[in-house]
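Remarks on the overall topology
Residues per chain are reported as follows:
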Amino acid sequence: MYFAAICRDKPGALQLRLDTRPAHVEHLNALNANGVLKIAGPLLGEDGKPFGSLLIFECADLAEAEAVAAADPYAKAGLFETVEITPWNWTFNPPEAR
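Residues numbered from 1 in each chain as written. Predicted model: local features only at pLDDT ≥ 70, side-chain atom pairs only at ≥ 80, totals over all residues. Heavy atoms only, no water.

This part takes up the nonpolar core. Ranked by internal contacts, the top residues of the largest apolar core, which has 18 residues, are Leu31, Leu55, Phe57 and Cys59. Elements that contribute at least two residues to this core include exactly β1 (2–9), α1 (14–33), β3 (50–58), α2 (62–70) and β4 (80–88). If sequence neighbours within four positions are ignored, Leu31 has contacts with Val36, Leu37, Phe57 and Val68. (Core = buried A, V, L, I, M, F, W, Y, C linked by side-chain atoms within 4.5 Å. Buried < 20%, exposed > 50% of the residue type's maximum accessible area, 1.4 Å probe, protein only. Helix = DSSP H or I, 4+ residues; strand = E, 2+ residues; numbered from the N terminus. Contact = heavy atoms within 4.5 Å.)

Right, let's get into the pairing of β1. Most of β1 is tucked away, with six of its eight residues classed as buried. Across seven bridges, the pairing between β1 and β3 is antiparallel. Directly across from Arg8, in β3, lies its bridge partner Gly52. Of the pairings in the sheet, the one linking β1 to β4 comprises eight bridges and is antiparallel in character. (Pairing = 2+ DSSP bridges.)

Under the definition given, this model contains two salt bridges. Here Arg17 makes a salt bridge to Asp9, at a shortest N to O gap of 2.7 Å. Just as Arg17 is buried, Asp9 falls in that class too. (Salt bridge = Lys/Arg side-chain N within 4 Å of Asp/Glu carboxyl O.)

Spelled out as structure tokens, the structure:
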């Protein structure tokens, strides 16, 4: 089952995001290698600067998706003000259709 994680940064936390990014990317590379990560990228403000993240995971259930999100170095560093995780249906252009 797929889950979308929509994470919004705390105000004024851009430097924390930048400082933590190498560990975050390393974490996402490991999830990708294990087939858990399907899509990931920053949410961008009108100024082009990141203010959050959107990630799509494939997990057995919500508890597993929550654990994956909580293990992210961004989450561990306290970057996020909010994290919403919800089941997601990959309707258009899913990998299985290619």
